[in-house]
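# Observations on the model geometry
Read off the chains here:
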Amino acid sequence: MALRTPLYLDTETLFAQADYHEIEVPQREEIVEKTTRRRSGGGKLKLGTGAASAGVDASRGSDIERQSTYSLEPSLKANISKVIDGLMAIEAVKTRPAPGTVLALDDLVEIAGTTRITAASHFGKLFYILRQILEDTNLEDLEDLPATLSEADPRLQEHMKRVYLGNELLPVPVLLELERSGLPQKVYVNVDPNHFINDASANRVEGDLRVLGTVSRIIDESPDGYLSAEEWLMSGWEHMLRRIFMTQVDDVLTELRESWADVGIALPSGDVNAYISGPAVVVNAIALY
């Protein structure tokens, strides 16, 4: 067992899993520290005058007590590693599942592979920008907005600058594909933007990683085996607006892919655009390390 260094961690869900499986999680301790110092009076105090004067010893002084209280948080790295080790020790986690492993909804899994951000999330950034601009647009223009939005629009340029040049982490979920997992079906990972550790961000989730999470979707290979990608494409959009745009999103995404290809950005064929096709599973990430 090794000490893990996560770049992404949903602590609440991990500790909830530990609680459910009755694995002890170190708790925060309150430490009270007391110090006592004797203060000396430094000599005698005279009462009266002349030979009859009497002296009182003033060197006895008094005790001064200081108290300070602070919180000591257990080492997060050590705690999460112990919790994950504990879950694995009781076989609550399907670790590095083999091709024949049967996965079910809500299964806790640890899968290793190479992650990359899907086209759905790349396009989701653009739809997020579109929604920001939409807030300043009259409702009667909704259906025509994708076609009429000009590249020279200063609002578009400002948002694009913050997102792509400023590397702004957007408040939308990220859909990753986990390649070389060893499983026969495609594996996708849903990453909430609120759980990155320290300076980690969405631009660090691509590469050779292990994913700890729960199976949230299983998509079979039947003719009806697909899942709409609107959760990642149009996160935060109102339900009716999703319905309006998703009816024409295929054409919009095709144009976007072609325009990106013209400038040398080629997205993988068969990537997630408007929907995920089966056989595939979607895992809600708890930790990436």
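Residues numbered from 1 in each chain as written. Predicted model: local features only at pLDDT ≥ 70, side-chain atom pairs only at ≥ 80, totals over all residues. Heavy atoms only, no water.

A count of helices and strands for the protein chain gives eight helices and 13 strands. Counting over 289 residues, the protein chain shows a buried share of 40%. Of the roughly 17100 Å² of accessible surface on the protein chain, 49% is carried by carbon and sulfur atoms. (Helix = DSSP H or I, 4+ residues; strand = E, 2+ residues; numbered from the N terminus. Buried < 20%, exposed > 50% of the residue type's maximum accessible area, 1.4 Å probe, protein only. Areas by Shrake-Rupley, 256 points an atom, 1.4 Å probe, with all protein chains shown as cover.)

Turning our eyes to something else, we now look at the confidence of the model for the protein chain. The share of residues in the protein chain with pLDDT of 70 or more is 73%, and the mean pLDDT across the chain is 80. Residue range residues 43-49 is modelled with pLDDT below 50. Its contacts to residues more than four positions away, or to other chains, number 16 contacts. Overall, residues 51-59 carries pLDDT values under 50, and its contacts beyond four positions in sequence, including any with other chains, amount to 21 contacts. (pLDDT = per-residue confidence, 0-100. Contact = heavy atoms within 4.5 Å.)

What follows concerns the packing of helix α1 (residues 11-20) against helix α2 (residues 76-89). Two elements in contact, α1 and α2, have axes whose closest approach is 10 Å; the angle formed by their N-to-C orientations is 45°. In this view, α1 runs oblique relative to α2, as classed from their interaxial angle. Pair α1 / α2 crosses with left-handed handedness. Of the residues in α2, those touching α1 at L14, F15, Q17 and A18 are I80, V83, I84 and L87. Split by residue class, the contact of α1 with α2 holds seven nonpolar, one polar and no charged. (Axes fitted to C-alpha atoms, helices over the stretch in contact; angles between N-to-C directions. Parallel < 35°, antiparallel > 145°, perpendicular 65-115°, else oblique. Left-handed = near helix turned anticlockwise from the far one by under 90°. Nonpolar A, V, L, I, M, F, W, Y, C, P; charged D, E, K, R; others polar.)

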